[in-house]
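# Observations on the model geometry
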Amino acid sequence: MDPVPPVPPAHSLRRAPIQQRSADRLARILDACAEVLDETGYENLSTRAVALRAGVPIGSVYRFFGNKRAMADALAHRNLDRYAQGIADRLALLPATDWRPVVDAVLDEYLAMKRSVPGFVLVDFGVPAPPAEESPADPNHLVAARLTDLLCTHLGRTPDTPLRRAVLVAVEATDALIQLAFRSDPAGDQDIVDETRAMMQAYLARVLD
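Described in the following lines is the structure provided in the data block. (Residues numbered from 1 in each chain as written. Predicted model: local features only at pLDDT ≥ 70, side-chain atom pairs only at ≥ 80, totals over all residues. Heavy atoms only, no water.)

### Overview of the nonpolar core
- Within the largest apolar cluster, 35 residues are counted, with the highest numbers of intra-cluster contacts made by Y83 and L147.
- Per element, the largest residue contribution to this core is nine residues, and it comes from helix 7 (residues 161-183).
- In this structure L147 touches Y83, I87, V106, V167 and V171, once residues within four positions along its chain are discounted.
- Core analysis: the second largest hydrophobic core is formed by 26 residues, A34, V36, L45 and A76 among them. (Core = buried A, V, L, I, M, F, W, Y, C linked by side-chain atoms within 4.5 Å. Buried < 20%, exposed > 50% of the residue type's maximum accessible area, 1.4 Å probe, protein only. Helix = DSSP H or I, 4+ residues; strand = E, 2+ residues; numbered from the N terminus. Contact = heavy atoms within 4.5 Å.)

Put into structure tokens, the structure is as follows:
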């Protein structure tokens, strides 16, 4: 039997799947959530529409999620897991002697997901709504922590406080700039993407050179 795939963190789920069939159903629900997001936006997202798209009873959705916020939050966490895995796959092809291609890989994987993953434009690593009380951390803090660990593991560096802070600042700045790049161009304005890449390289050189 295939192993049960990774699931969103416990705070996003009413009940974590144990059997493969349950995990597959959860994956279908999140896939449907992403598709409906692209069609309706977050404000008009509904658990009923997701259940219909996933081909499951509405009770199956409520078995895992109490509301649409929890469902979108789980999708965001799955996106982060897939983003981290995509970066790890890219880094496996890169030498550990130069940090600049690593930073390029981080941006390139994000752009690839932005352009191709359903629902990612609206829900990348966080829900487009005010923070919920039960949220454990700001999405960009979660992203920065994962990126720092991936970068340090690949380069053999120590994830000290200055480096973690610099990666967080780079993530915040890049998030804003990529939103700008995609605001008027669904593929991302290439000139702004290029400026973003140059900014990341120049800023992180302070702690990585």
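Further notes follow.
### Quick word on a positive patch on the surface
- On the surface, a cluster of positive charge is contributed by R15, R21, R25, R28 and R63.
- Residue placement: R63 occurs in helix 3 (residues 58-64). (Patch = residues over 30% accessible without salt bridge, like charges linked within 9 Å, V, L, I, M, F, W, Y side chains within 5 Å. Areas by Shrake-Rupley, 256 points an atom, 1.4 Å probe, with all protein chains shown as cover. Salt bridge = Lys/Arg side-chain N within 4 Å of Asp/Glu carboxyl O. Lys, Arg positive; Asp, Glu negative; His and termini not counted. Charge placed at Lys NZ, Arg CZ, Asp CG, Glu CD.)

### Considerations on the packing of aromatic side chains
- Across all of its chains, the model carries six aromatic pairs by this definition.
- Taking the centre distance of 6.1 Å and the plane angle of 75° together, the rings of Y83 and Y110 count as edge-to-face. Highlighted residues: Y83 in helix 4 (residues 68-91) and Y110 in helix 5 (residues 100-116), separated in sequence by 27 residues.
- Note on Y110: relative accessible area 7%, which makes it buried.
- Within the aromatic cluster, the residues linked to one another by ring pairs are Y83, Y110, F120 and F125.
- We note K68 situated over the ring of Y42; from NZ or CZ to the ring centre the distance is 4.6 Å.
- Over the aromatic face of F182 sits the side chain of K114, whose NZ or CZ is 5.6 Å from the ring centroid. (Phe/Tyr/Trp six-rings, centres within 6.5 Å; stacked < 30°, edge-to-face > 60°. Lys NZ or Arg CZ within 6 Å of the ring centre and 35° of its normal.)

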